[in-house]
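# Notes for the structure review
Given next are the chains, with one letter for each unit.
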Amino acid sequence: MNKRIAIFPGSFDPITKGHQNILRRALPLFDEIIIAIGKNSSKQNYFSIEQREKWIKQVFGNEPKVRIESYTGLTIEFCKKVNAKFILRGLRTSADFEFEKSIAQNNNIMAPEIETVFILPIPELSAINSTIVRDIIRNGGDASPFVPKGIDVKAPN
Ligand code: ADP
């Protein structure tokens, strides 16, 4: 049987406890999950790809089902390249839902063989997002309650 491969695309700028929660809970559903760091030219990132990847490795490096890659271009094209039939996304709010709905429906028109799967975070994590974490770091605050244990987020040099 074909391996059930999902990609979990995002900026992970930086990885948060919200990302961690979604990925952990999706693990039993798939044989492999590729954390796919999107290199989006129109989006200015705060941390370098290398730094973001390093933190993700710290969290999931020992998980045999998880691989980390970066990509440019359309997410569905990356799925085809790595033979993934599932796109994993987290839904925090109704705004996320509206945004994700149109992307997933349009992806379905372009690539009906690829299914988008949504997971809701546990309630206490639904207020966490990377934008807020970056803001805290930029202003010298302590972001440790929002990022996975052991991740030492500091402003880039
Ligand atoms: P993107 O720019 O693609 O939204 P992010 O790194 O912000 O990249 O998010 C990647 C995925 O993780 C998205 O599906 C997003 O909804 C999900 N996510 C981020 N934070 C949380 C959270 N606190 N709870 C649930 N899902 C989350």
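## Here's the deal with the pairing of strand E2 (residues 32-38)
The buried fraction of E2 amounts to seven of the seven residues, a majority that puts the element mostly inside the structure. Neither face of E2 is left uncovered, since the one carrying Glu-32, Ile-34, Ala-36 and Gly-38 and the one carrying Ile-33, Ile-35 and Ile-37 both have all their residues buried. Here strand E1 (residues 5-10) runs beside E2; their pairing, made up of six bridges, is parallel. In the strand pairing of E2, Phe-8 is matched with Ile-35.

## Comments concerning unusual backbone geometry
Leave glycine aside and you will find that most residues have negative phi; peptide bonds, for their part, are mostly trans. The omega angle of the peptide bond from Asp-13 to Pro-14 is 5°, so this bond is cis rather than trans. Topologically, Pro-14 is positioned in the loop between E1 and helix H1 (17-26). Of note in this structure, Phe-12 is not a glycine but carries a positive phi near 50°. Structurally, Phe-12 can be placed in the loop between E1 and H1. On the basis of relative accessibility, which here comes to 2%, the residue Phe-12 falls in the buried class. Notably, Asn-83 is not glycine yet its phi reads approximately 65°, a positive angle. Among the structural elements, Asn-83 can be located in the loop between helix H3 (75-82) and strand E4 (86-90).

## Describing the side chain of His-19
Structurally, the position occupied by His-19 is in helix H1. Note on His-19: relative accessible area 18%, which makes it buried. Looking at His-19, its side chain comes within polar contact range of the main-chain nitrogen of Thr-16, at 3.0 Å. Residues within four places of His-19 in sequence aside, it is in contact with Phe-8, Phe-12, Pro-14 and Ser-130.

## Some remarks on helix H2 (residues 49-60)
When the terminal C-alpha atoms of H2 are compared, their 16 Å separation across 12 residues agrees well with the 16 Å that a helix rising 1.5 Å per residue should span. Three or more residues of H2 are buried, namely Ile-49, Arg-52, Trp-55, Ile-56, Val-59 and Phe-60. Down the axis, H2 shows its buried residues gathered within 135° of arc, on one side only. Those residues of H2 that are exposed and angled more than 90 degrees off the buried face are Glu-50 and Lys-54. Those residues of H2 hidden inside the fold are in contact with H1, E2 and strand E3 (66-71).

## A word on the nonpolar core
Counting residues in hydrophobic clusters, the biggest one holds 33 residues, and the most contacted among them are Leu-23, Ile-33, Ile-56 and Phe-60. Sequence-distant contacts of Ile-56, defined by excluding residues within four places in its chain, comprise Phe-12, Ile-15, Ile-35, Ile-37, Gly-61 and Ile-68. Counting residues in each nonpolar core, the second largest holds 13 residues, with Ile-34, Tyr-71, Ala-84 and Ala-111 among its members.

What counts as what
Residues numbered from 1 in each chain as written. Predicted model: local features only at pLDDT ≥ 70, side-chain atom pairs only at ≥ 80, totals over all residues. Heavy atoms only, no water. Buried < 20%, exposed > 50% of the residue type's maximum accessible area, 1.4 Å probe, protein only. Helix = DSSP H or I, 4+ residues; strand = E, 2+ residues; numbered from the N terminus. Pairing = 2+ DSSP bridges. Polar contact = N/O pair within 3.5 Å; in protein donor to acceptor, adjacent residues only side chain to side chain. Contact = heavy atoms within 4.5 Å. Expected span 1.5 Å × (residues − 1). Arc of directions from axis to C-beta. Core = buried A, V, L, I, M, F, W, Y, C linked by side-chain atoms within 4.5 Å.

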